[in-house]
Amino acid sequence: YPERSCLAVTMNIQQAELIQNLMDDAERNDNEISDYIGKWETTLEPFRVKNLERVQGDERDCIFISTLYGPPGPNLPTAQRFGPITTQYGYRRLNVLFTRAKERIEVITSMNPNDIKFHEGATIGGAKYGQKVLSDYLHYGTTGQLYSGVESDREVGSDFQLFVGNKLKEKGYEIKQEIGVKGFFIDIGVKHPKFPNKYLLGIECD
(Lines give C-alpha, C1' and ligand atoms only; values in the text may rest on other atoms or scores of the structure.)
Protein backbone atom coordinates (compact mmCIF):
# COMPACT_ATOMS: atom_id res chain seq x y z
CA TYR A 1 0.00 0.00 0.00
CA PRO A 2 2.40 2.72 -1.20
CA GLU A 3 -0.11 5.49 -0.52
CA ARG A 4 -0.06 4.80 3.22
CA SER A 5 2.66 6.07 5.54
CA CYS A 6 4.16 3.63 8.03
CA LEU A 7 6.12 3.58 11.27
CA ALA A 8 7.64 0.56 13.02
CA VAL A 9 7.93 0.73 16.81
CA THR A 10 9.81 -1.60 19.14
CA MET A 11 10.16 -1.77 22.90
CA ASN A 12 13.90 -1.07 23.08
CA ILE A 13 16.61 0.57 21.02
CA GLN A 14 18.53 -2.65 20.35
CA GLN A 15 15.60 -4.19 18.51
CA ALA A 16 14.94 -0.92 16.68
CA GLU A 17 18.53 -0.93 15.41
CA LEU A 18 18.24 -4.58 14.35
CA ILE A 19 15.05 -3.95 12.35
CA GLN A 20 16.52 -0.79 10.84
CA ASN A 21 19.56 -2.75 9.65
CA LEU A 22 17.29 -5.36 8.07
CA MET A 23 15.27 -2.63 6.38
CA ASP A 24 18.47 -1.02 5.07
CA ASP A 25 19.47 -4.35 3.51
CA ALA A 26 16.00 -4.78 2.02
CA GLU A 27 16.06 -1.24 0.61
CA ARG A 28 19.33 -1.93 -1.18
CA ASN A 29 18.06 -5.18 -2.69
CA ASP A 30 14.38 -4.49 -3.41
CA ASN A 31 13.28 -1.69 -5.73
CA GLU A 32 9.71 -1.77 -4.43
CA ILE A 33 10.91 -1.10 -0.89
CA SER A 34 13.42 1.55 -1.94
CA ASP A 35 10.74 3.31 -4.04
CA TYR A 36 8.35 3.30 -1.09
CA ILE A 37 10.91 4.71 1.36
CA GLY A 38 12.01 7.32 -1.17
CA LYS A 39 8.42 8.37 -1.84
CA TRP A 40 7.83 9.26 1.82
CA GLU A 41 11.30 10.48 2.77
CA THR A 42 10.70 14.16 2.03
CA THR A 43 7.21 14.27 3.59
CA LEU A 44 6.16 14.90 7.17
CA GLU A 45 5.62 11.15 7.60
CA PRO A 46 8.79 9.33 6.43
CA PHE A 47 9.21 5.64 7.13
CA ARG A 48 11.12 5.16 10.37
CA VAL A 49 11.92 2.46 12.92
CA LYS A 50 11.79 3.82 16.47
CA ASN A 51 11.85 2.56 20.01
CA LEU A 52 9.00 3.28 22.42
CA GLU A 53 10.59 6.34 24.02
CA ARG A 54 10.90 8.17 20.66
CA VAL A 55 7.36 8.06 19.22
CA GLN A 56 6.06 11.18 20.97
CA GLY A 57 4.50 13.44 18.34
CA ASP A 58 4.74 10.92 15.49
CA GLU A 59 1.72 10.02 13.40
CA ARG A 60 1.31 7.59 10.50
CA ASP A 61 -1.45 5.86 8.55
CA CYS A 62 -0.26 2.46 9.80
CA ILE A 63 1.92 1.59 12.76
CA PHE A 64 3.60 -1.77 13.28
CA ILE A 65 4.29 -2.59 16.92
CA SER A 66 6.74 -5.32 17.85
CA THR A 67 6.38 -6.17 21.53
CA LEU A 68 9.78 -7.97 21.61
CA TYR A 69 8.83 -9.53 24.94
CA GLY A 70 7.55 -13.08 24.96
CA PRO A 71 8.25 -16.66 25.99
CA PRO A 72 11.76 -17.89 25.09
CA GLY A 73 10.32 -21.14 23.74
CA PRO A 74 7.22 -23.35 23.58
CA ASN A 75 5.49 -23.84 26.93
CA LEU A 76 8.01 -21.60 28.70
CA PRO A 77 7.00 -18.61 30.86
CA THR A 78 7.53 -15.03 29.76
CA ALA A 79 10.15 -13.23 31.83
CA GLN A 80 8.46 -10.33 33.60
CA ARG A 81 10.97 -7.74 32.40
CA PHE A 82 9.30 -5.04 30.31
CA GLY A 83 11.89 -2.26 30.16
CA PRO A 84 10.44 1.28 29.92
CA ILE A 85 6.91 -0.01 30.43
CA THR A 86 7.69 -0.76 34.07
CA THR A 87 8.57 2.85 34.96
CA GLN A 88 6.14 5.15 36.76
CA TYR A 89 5.01 6.70 33.49
CA GLY A 90 5.43 3.66 31.27
CA TYR A 91 1.69 3.47 30.73
CA ARG A 92 1.76 6.97 29.25
CA ARG A 93 4.28 5.89 26.64
CA LEU A 94 1.95 3.04 25.68
CA ASN A 95 -1.05 5.36 25.52
CA VAL A 96 0.89 7.64 23.15
CA LEU A 97 1.93 4.70 21.00
CA PHE A 98 -1.58 3.25 20.73
CA THR A 99 -3.00 6.58 19.50
CA ARG A 100 -0.44 7.41 16.78
CA ALA A 101 -2.09 5.49 13.91
CA LYS A 102 -4.65 7.21 11.68
CA GLU A 103 -5.94 4.03 10.04
CA ARG A 104 -4.46 0.79 11.33
CA ILE A 105 -2.21 -0.84 13.91
CA GLU A 106 -0.50 -4.19 13.41
CA VAL A 107 0.83 -5.83 16.58
CA ILE A 108 3.52 -8.48 16.17
CA THR A 109 3.87 -10.51 19.35
CA SER A 110 4.39 -14.01 20.66
CA MET A 111 2.59 -13.16 23.92
CA ASN A 112 -0.91 -13.80 25.12
CA PRO A 113 -2.50 -11.25 27.48
CA ASN A 114 -2.24 -13.77 30.33
CA ASP A 115 1.54 -14.02 29.89
CA ILE A 116 1.85 -10.60 31.54
CA LYS A 117 1.57 -10.68 35.33
CA PHE A 118 0.19 -7.80 37.37
CA HIS A 119 -2.19 -7.11 40.23
CA GLU A 120 -5.76 -6.51 39.05
CA GLY A 121 -5.91 -3.58 41.45
CA ALA A 122 -2.84 -1.89 39.95
CA THR A 123 -3.39 1.85 39.88
CA ILE A 124 -2.18 4.61 37.55
CA GLY A 125 1.51 5.29 38.11
CA GLY A 126 1.79 2.36 40.48
CA ALA A 127 3.85 -0.81 40.28
CA LYS A 128 3.13 -2.89 37.17
CA TYR A 129 0.45 -0.54 35.84
CA GLY A 130 2.25 -0.40 32.50
CA GLN A 131 2.11 -4.19 32.29
CA LYS A 132 -1.61 -4.02 32.97
CA VAL A 133 -2.14 -1.54 30.13
CA LEU A 134 -0.16 -3.75 27.74
CA SER A 135 -2.09 -6.85 28.79
CA ASP A 136 -5.41 -5.04 28.35
CA TYR A 137 -4.37 -3.88 24.89
CA LEU A 138 -3.34 -7.38 23.82
CA HIS A 139 -6.70 -8.60 25.16
CA TYR A 140 -8.43 -6.08 22.90
CA GLY A 141 -6.26 -7.08 19.94
CA THR A 142 -7.03 -10.76 20.54
CA THR A 143 -10.78 -10.50 21.20
CA GLY A 144 -11.78 -7.21 19.58
CA GLN A 145 -13.59 -6.31 22.79
CA LEU A 146 -12.97 -3.38 25.11
CA TYR A 147 -13.75 -3.59 28.79
CA SER A 148 -17.25 -2.23 29.40
CA GLY A 149 -17.61 1.28 30.72
CA VAL A 150 -19.76 1.92 33.76
CA GLU A 151 -21.86 4.92 34.69
CA SER A 152 -20.50 6.97 37.57
CA ASP A 153 -21.69 9.67 39.94
CA ARG A 154 -18.78 11.99 39.13
CA GLU A 155 -19.63 15.65 38.64
CA VAL A 156 -19.68 17.00 35.10
CA GLY A 157 -16.29 18.52 34.35
CA SER A 158 -17.29 21.86 32.77
CA ASP A 159 -20.12 24.06 31.54
CA PHE A 160 -18.97 23.26 28.01
CA GLN A 161 -19.50 19.55 28.68
CA LEU A 162 -23.04 20.31 29.91
CA PHE A 163 -23.66 22.42 26.80
CA VAL A 164 -22.53 19.65 24.44
CA GLY A 165 -24.63 17.09 26.32
CA ASN A 166 -27.73 19.27 26.16
CA LYS A 167 -27.30 19.84 22.42
CA LEU A 168 -27.09 16.08 21.86
CA LYS A 169 -30.26 15.55 23.88
CA GLU A 170 -32.02 18.21 21.81
CA LYS A 171 -31.14 16.13 18.73
CA GLY A 172 -32.82 13.11 20.31
CA TYR A 173 -29.77 11.22 21.56
CA GLU A 174 -29.67 9.54 24.94
CA ILE A 175 -26.42 10.35 26.71
CA LYS A 176 -24.61 9.53 29.92
CA GLN A 177 -22.05 11.79 31.53
CA GLU A 178 -18.73 10.53 32.94
CA ILE A 179 -18.53 6.95 31.69
CA GLY A 180 -15.65 5.21 33.45
CA VAL A 181 -13.60 2.08 33.26
CA LYS A 182 -10.45 1.09 35.13
CA GLY A 183 -9.73 4.57 36.46
CA PHE A 184 -10.34 6.45 33.19
CA PHE A 185 -13.44 8.44 32.30
CA ILE A 186 -14.98 9.65 29.04
CA ASP A 187 -16.92 12.90 29.41
CA ILE A 188 -20.01 11.91 27.41
CA GLY A 189 -21.21 8.55 26.15
CA VAL A 190 -23.89 8.48 23.44
CA LYS A 191 -26.12 5.45 23.92
CA HIS A 192 -27.00 3.06 21.11
CA PRO A 193 -30.74 3.29 20.40
CA LYS A 194 -31.14 -0.46 19.81
CA PHE A 195 -28.65 -1.89 22.30
CA PRO A 196 -29.08 -0.27 25.74
CA ASN A 197 -25.74 -1.53 27.08
CA LYS A 198 -23.72 -0.21 24.14
CA TYR A 199 -22.49 3.22 23.10
CA LEU A 200 -22.28 4.76 19.66
CA LEU A 201 -19.72 7.38 20.53
CA GLY A 202 -17.48 8.73 23.26
CA ILE A 203 -16.86 12.48 23.47
CA GLU A 204 -14.08 14.32 25.29
CA CYS A 205 -14.78 18.00 26.00
CA ASP A 206 -11.24 19.30 26.54
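Up top is the structure.
If you're wondering where the values come from, they're calculated on a predicted model, not measured in any experiment.

Quick look at the pattern of salt bridges
The full count for this structure, using the stated rule, is 11 salt bridges. Notably, a salt bridge pairs Arg 28 with Asp 25, separated by 2.3 Å at the nearest N-O pair. In this pair, Arg 28 and Asp 25 are both assigned in helix H1 (residues 13-29), 3 residues apart and thus about one turn of the helix distant. In this structure, the salt-bridge partner of Arg 60 is Asp 58, at a minimum N-O distance of 3.5 Å. The class for Arg 60 is buried, based on a relative accessible area of 2%.

Points about helix H3 (residues 90-98)
Every buried residue of H3 is accounted for by Gly 90, Tyr 91, Leu 94, Val 96, Leu 97 and Phe 98. Where H3 is buried, its residues meet strand S1 (6-10), strand S3 (60-66), strand S4 (101-108) and helix H4 (129-143).

Considerations on the environment of Val 96
In this structure, Val 96 sits in helix H3. On the basis of relative accessible area, Val 96 is assigned to the buried category, the value being 18%. Measuring from C-alpha to C-alpha, the distance between Val 96 and Lys 171 comes to 33 Å, with 75 residues separating the pair along the chain.

Concerning the packing of aromatic side chains
Per the stated rule, a full pass over the model turns up 5 aromatic pairs. Summarising the aromatic geometry, the rings of Tyr 69 and Phe 82 are spaced 5.1 Å apart at their centres and angled 75° between planes, so their arrangement reads as edge-to-face. On the criterion of sequence distance, the pair formed by Tyr 69 in the loop between S3 and H3 and Phe 82 in the loop between S3 and H3 is long-range, its members being 13 residues apart. Residue classification places Tyr 69 among the buried residues on the basis of a relative accessible area of 11%. Its relative accessible area of 1% is what places Phe 82 among the buried residues. Taking the centre distance of 5.3 Å and the plane angle of 85° together, the rings of Tyr 91 and Tyr 129 count as edge-to-face.

Here we look at the sheet that holds S4
Read from one edge to the other, the open sheet built from 4 strands follows the order S2-S1-S3-S4, with strand pairing classed as parallel. Only two strands of the sheet have a single neighbouring strand rather than two, namely strand S2 (48-51) and S4. With direction set aside, neighbouring strand axes in the sheet form an average angle of 25°. Taken together, the 4 bridges between S1 and S2 define a ladder with parallel strand orientation. Bridging across to S2, Ala 8 finds its partner in Val 49.

Rules and cut-offs
- Residues numbered from 1 in each chain as written.
- Predicted model: local features only at pLDDT ≥ 70, side-chain atom pairs only at ≥ 80, totals over all residues.
- Heavy atoms only, no water.
- Salt bridge = Lys/Arg side-chain N within 4 Å of Asp/Glu carboxyl O.
- Helix = DSSP H or I, 4+ residues; strand = E, 2+ residues; numbered from the N terminus.
- Buried < 20%, exposed > 50% of the residue type's maximum accessible area, 1.4 Å probe, protein only.
- Contact = heavy atoms within 4.5 Å.
- Phe/Tyr/Trp six-rings, centres within 6.5 Å; stacked < 30°, edge-to-face > 60°.
- Pairing = 2+ DSSP bridges.
- Axes fitted to C-alpha atoms, helices over the stretch in contact; angles between N-to-C directions.

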